[in-house]
Structures are given as C-alpha cells and as structure tokens.
Amino acid sequence: MQGEMEDKCGIVGIHCTDDSKNVASFVYYCLYALQHRGQESAGIATFNKEKGLNYYCGMGLITDVFKDYEIQNLQGNMAIGHVRYSTTGQSRLENSQPFVTDFDDGFIAMAHNGDIVNSSELRDELIDEGYEFKSDTDSEVICYMLKREHYDNNKNILDSIESVSQKLVGSYALTILVNGELYGVRDPMGIKPLAVAKKGDDFILASETVAFDVINAKYVRDIEPGEIVFFENDEINSHMLESAGKCKLSHCMFEYVYFARPDSTIDGINVYQTRMNIGRQLHELYPIDADVVIPVPDSSIPAAIGYSRASGIPYGEGLIKNRYVGRTFIMPTQEERELAVRLKLNPIKEAIKGKKIILIDDSIVRGTTSKQLLDLVKEAEPEEIHFLVGCPPVVAPCYYGVAMATKKELIAANYSIEEIQEQLDIDTLGYITLESLVKAIGMPKENLCLGCLNEEYPTELPDDIEAETYYKP
Ligand code: AMP
C-alpha cells in the first residue's frame, strides 16, 4: 500500500440501452444515497454514442461537487459514479474517481471500492514498462493492467479482466465503463459488496441496496464473489472468474457493524436486523440493571433498540447529533478540536442526570471518540455509566479498504479491556464477543473477514505493508 489510497468508497453503474436518455442524474441520486461511504470526493463518468465519454469529479460532498450545470453536461445513457472516503493525508483531486484513461480508440473509466494489497508491486512493474501515473489510486493500476492485457496480449475485455484478477491480491468491487459497455466485478472473496437492480429496461449496479431504493429500482441480486456481470438483450450476463469458488469467502464484518446504512441488505442479510441482533447479543452477554438504553447516534441506534427490547429497559435518546458537521471543518487548535466534538454531539442533560445509563456504541477503534464522548456524558451527571460496544476489540489494522488505524493507534491492541475501562472511568465496559457478533450477523464464521479482530487475514500480505487511519472531523 505504501502511500496508495485506501478505497473504502461507494460505487455505482447504470446501463440503459436508450441512447436518447441521460442517466447522470440517476447516478447522482444513487451516490447521494451512498454518501456515508465517502465524503472526500465524488465523480461521475457517462458515455454517449455521439459525444463519447464525459466525466466530472470534485472534492467534497456530492452536493458540493455537482450542480445542475455539471449534471446537464454529463450526457449519456451509460454511466458510472464514485464517492471516496477520507483517510488522513492524501486529499487530492487527482485521487478522485472514476479514473479515466484512453482505451482502444476510446476510453475506459473505472470506479473501485476496496484495496489492492500488492498494488505497489504491480504499479512498479507498470512504471518499468513506461506507464506514467497521475494518481495514487488502485483504479489507475487496474486500468493500466487492463490496457496491457488488451494491447500486448490482444485480449478482449472479459479475458483482460480475468488475467488482471489473477494478479490482484486484495479487495475490489468495480464498475467499469469501456466504450459504452458497463461491467461490474466483485473479487473472489466477496470482501466488498456489490449488487444489481432493474428499473424498467435499465440495470443499476451499486455498493448498497439503499441506492436502488432511492431511484425506485428493483433489487435483483448481489453480484457473486468472483463474478463479472455485463448487460445484453435485457439480460444480466455473467462470467465467473477462474478463482471464483476456489477461495475462502471473506465478507467484511464491519459493513454490518458500522459502515453500511441500516436500510441496506448485503449478501442477503439486512444491516438493521444485524445491528438489532448485536443489541440482543449484548444483552445476553451483559444483562445490566439500568434505567435507560441510549445509543451513540446514528450507527448505534438499532443496537440500542435491540438491547432495549431484549431487556425491557426503555430506549431513550440522550445524545443529539448535529448532522451538518462535515468533512471540510478545519480545526487548527486543540481547543477548537475539542469544540468539534461538542458541536457534533450534545447530551440531553435532562435525559441522563441521576440515571443508570447503558450507552451503546458501534465500535471503539482508536478510543479518542469514546473518551471525548464519555467526558460529555459525565457532565450530564448520570448515576452509573455502562458502556457497551457492538464490535469486538479492534486489535489489528484492515488492509482491504476500511482504514481502521495503525496498530500503534488501536486502543485495544495496546491496552486490556480492564485498562481501557479504567481510562474511560466508567462502571462497565462490555465489548461484544467475536462468537456473538458472528451469531448476530448470521453468516458462517468462515465466510467473514475478521482480520482486524483476530489477525487472520484472507490473503497474503506484503512484509512492508502499512495501515492507514481514517479522517474524522
Ligand atoms: P475512534 O475510537 O476515536 O477511532 O472512533 C470510533 C468511532 O468512529 C466508531 O464508533 C465509529 O462510529 C467511527 N468509525 C469506526 N471506524 C471507522 C472508520 N474506519 N472510518 C470512519 N469512522 C469510523
């Protein structure tokens, strides 16, 4: 990875055969629904038979990047889109996607969600062969690899994807637009999600089903791990990679815990239900006597409801989140950074004061949020604080696209649960166990990637691999 981007992102693709139609606005709405998957940059590429490829990318939220003018200029009936997630450091326009480069008298555009762990090596190989890189993205690496297969080895696009996939180690969900054809690809371990839907005669690919709901498209199915899909004659055509079915499935558990929206269903499992189950499991593990169950909004709301229903203890709001605190908030001083937490979350003192509270959060990664959060909660003077966490201790980095943090920064990699509880100075600190989380998701343990929890990674990792930390305003 060494400096390459973690691409924990949202991707979209639309296939429409009516070339009088423009689909950019639909991509825009789908990306809008996937905004939680990335707020750093957004981009759309479209293809129109007469006008060829058009694309536009920019830094910031989808609504910052695209105004009417940009959408109107993006003519075309085939399109892909991307929202990129913010990691610390490399916030550059060149890294926004879709990545676009010339291909076969035309263009190829690609949107990637995932992280290729051997991309440094692949990139060096391409540089030696004369490819000049414009960005740090894995998409650029994959696009040039496809070009090489196509030009040097005379392969068609499907065979090129097949050959390239044999060299890629890591996670990738891709939407690719090649000269007016749309392809969707999911890595053979199925680490990142990708699904397909239909709206009239059009097909839509997206990272999460919530994107289909907003444009009123009908979910058809998830893309299989190791599957390439493309569209012809009103049908979904499928080509399975040679490696499909031969490697261990490794769906990312963190999609269910935190990352995906609760109204999405991934690989047949609804995220909201899973988070409710997490709450129920937390109650089985920690049946605490308390006055109220309070979520850390928004991602922990379903887990708190689950705990409340299982225990009979009332659910209540105790923290209000300001939804308008965004990525572009720059805080140069420590005082201002502390202010940022208060700006984002404010306790309802009347709901907390004098009460025994069960506070539920989705995960503790570096522990900084929990410390600040609990300081705020304590100001509201609860009688007892029982802090329960819907993700087991994160003890190792993720190398497949969820920028967790480096081992040095991960609180559970450096301190025992007792020590963390002491640091947080609370009555209970209870993490869900790995077994209970697996039960809550309802998928066989061997089909999940739990690398950040047990260091059992689904692929080989280069010795010099580095982890990245996410950016949090
Ligand atoms: P911290 O312990 O300070 O790193 O913050 C943990 C909180 O940040 C969790 O409760 C999540 O709400 C959120 N979070 C966890 N992992 C990520 C991630 N990879 N990217 C963005 N936010 C995250």
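All figures in this text were calculated on a predicted structure; none of them were measured in a lab.

### Quick notes on a nonpolar patch on the surface
Among the surface-exposed residues, Tyr 29, Tyr 32 and Val 214 lie close enough to one another that they form a single nonpolar patch of about 300 Å² accessible area. Position of Val 214 among the secondary structure elements: in helix α7 (residues 210-214).

### Regarding the packing of helix α4 (residues 119-128) against helix α5 (residues 138-152)
Between α4 and α5, the shortest axis-to-axis distance is 10 Å and the interhelical angle comes to 50°. Taken together, the axes of α4 and α5 lie oblique to each other. Relative to α5, the crossing made by α4 is left-handed. Two secondary-structure elements touch here, α4 through Ser 119, Leu 122, Arg 123, Glu 125 and Leu 126 and α5 through Asp 138, Val 141, Tyr 144, Met 145 and Arg 148. Here the contact of α4 with α5 is built from residues that sort into five nonpolar, one polar and four charged.

### Observations concerning the environment of Tyr 131
Relative to the assigned elements, Tyr 131 resides in the loop between α4 and α5. Residue classification places Tyr 131 among the buried residues on the basis of a relative accessible area of 17%. Each C-alpha atom, one on Tyr 131 and one on Arg 148, is 9.7 Å from the other, the two residues being 17 residues apart in sequence. Apart from the residues lying within four places of it in its own chain, the contact partners of Tyr 131 are Leu 126, Tyr 144, Lys 147 and Arg 148.

### Describing the pairing of strand β1 (residues 10-15)
Most of β1 is tucked away: six of the six residues are buried. Summarising the sheet, β1 and strand β4 (residues 78-84) pair through six bridges and their orientation is antiparallel. Across the sheet, Gly 13 pairs through a bridge with Ile 80, a residue of β4. With four bridges joining them, β1 and strand β10 (residues 202-206) adopt antiparallel strand pairing. Paired with Val 12 across the bridge in β10 is Ala 206.

### As for the layout of surface pockets
Empty space within the second largest pocket amounts to approximately 210 Å³. Around the second largest pocket, the lining comprises 17 residues; the ones closest to its centre are Ser 165, Leu 168, Val 169, Pro 188 and Met 189. Taken together, the elements giving at least two residues each to the lining of the second largest pocket come down to α6 (157-167) and β7 (170-178). No other element matches the four residues that α6 contributes to the lining of the second largest pocket. When the residues that make up the lining of the second largest pocket are grouped by side-chain class, the tally is seven nonpolar, five polar and five charged.

### Observations regarding empty space enclosed by the protein
Any empty space left between atoms is shown by rolling a water-sized probe over those atoms. Scanning the entire structure with this criterion turns up four cavities of 30 Å³ or more. Lining the largest cavity are 13 residues, with Cys 252, Cys 398, Val 402, Cys 449 and Cys 452 sitting closest to its centre. Counting only elements with at least two residues in the lining of the largest cavity, the list comes to α8 (253-259) and α17 (451-454). Tallied by class, the residues present in the lining of the largest cavity amount to 11 nonpolar, one polar and one charged.

### Considerations on unusual backbone geometry
In this chain, Gln 97 is followed by Pro 98 through a cis amide linkage whose omega measures 5°. Looking at the element boundaries, Pro 98 is found in the loop between β4 and β5 (99-103). Along the chain, Pro 297 connects to Asp 298 via a cis peptide bond; the corresponding omega equals 0°. Tracing the sequence through the fold places Asp 298 in the loop between β17 (292-295) and α10 (301-311). Even without being a glycine, Glu 381 presents a positive backbone phi close to 60°. Along the chain, the position of Glu 381 falls in the loop between α13 (368-379) and β21 (384-389). Even without being a glycine, Glu 455 presents a positive backbone phi close to 60°.

### Examining the side chain of His 15
With respect to the helices and strands, the residue His 15 is situated in strand β1. Classification of His 15 by relative accessible area gives buried; the value is 7%. In this structure, His 15 is in contact with Asn 77, Met 78, Leu 182, Asp 202, Phe 203 and Phe 231, ignoring residues within four places of it in sequence.

### A closer look at the sheet that holds β7
Backbone hydrogen bonds hold the strands of a sheet together, and the pairing may be parallel or antiparallel. In space, the six strands of this open sheet follow the order β5-β6-β7-β8-β12-β13, with antiparallel pairing throughout. Edge positions in the sheet fall to β5 and β13 (235-240), since each has one partner strand and no second. For this sheet, the mean angle separating the axes of adjacent strands, direction not counted, is 25°. Pairing analysis gives three bridges linking strand β8 (residues 181-186) to strand β12 (residues 227-232), with the strands arranged antiparallel. Within β12, the position partnered with Tyr 183 by the bridge is Phe 230. Where α6 meets the sheet, it contacts β5, β7, β8, β12 and β13, and its direction lies at approximately 25° from that of β8.

### Focus: the domain arrangement of the protein chain
Parsing the protein chain into structural domains produces domain 1 (6-250) and domain 2 (266-442). In this structure, domain 1 and domain 2 have C-alpha centres spaced 33 Å apart. Across the contact, 19 residues belong to domain 1 and 10 residues belong to domain 2. Counting across the domain 1 and domain 2 interface gives three residue pairs in polar contact (both at pLDDT 80 or more). Put simply, the parts of the chain that give the side of domain 1 that touches domain 2 at least two residues each are β6 (106-116) and β7. Tallied by class, residues from the side of domain 1 that touches domain 2 come to four nonpolar, seven polar and eight charged.

Procedures and definitions
- Residues numbered from 1 in each chain as written.
- Predicted model: local features only at pLDDT ≥ 70, side-chain atom pairs only at ≥ 80, totals over all residues.
- Heavy atoms only, no water.
- Patch = residues over 30% accessible without salt bridge, like charges linked within 9 Å, V, L, I, M, F, W, Y side chains within 5 Å.
- Areas by Shrake-Rupley, 256 points an atom, 1.4 Å probe, with all protein chains shown as cover.
- Salt bridge = Lys/Arg side-chain N within 4 Å of Asp/Glu carboxyl O.
- Helix = DSSP H or I, 4+ residues; strand = E, 2+ residues; numbered from the N terminus.
- Axes fitted to C-alpha atoms, helices over the stretch in contact; angles between N-to-C directions.
- Parallel < 35°, antiparallel > 145°, perpendicular 65-115°, else oblique.
- Left-handed = near helix turned anticlockwise from the far one by under 90°.
- Contact = heavy atoms within 4.5 Å.
- Nonpolar A, V, L, I, M, F, W, Y, C, P; charged D, E, K, R; others polar.
- Buried < 20%, exposed > 50% of the residue type's maximum accessible area, 1.4 Å probe, protein only.
- Pairing = 2+ DSSP bridges.
- 1 Å grid on protein atoms, 1.4 Å probe; cavity = no way out; pocket = protein on both sides within 12 Å on 5 of 7 lines; lining within 4 Å.
- Points joined across faces, edges and corners; volume = space filled by probe spheres on them.
- Domains from an automatic or database assignment.
- Polar contact = N/O pair within 3.5 Å; in protein donor to acceptor, adjacent residues only side chain to side chain.

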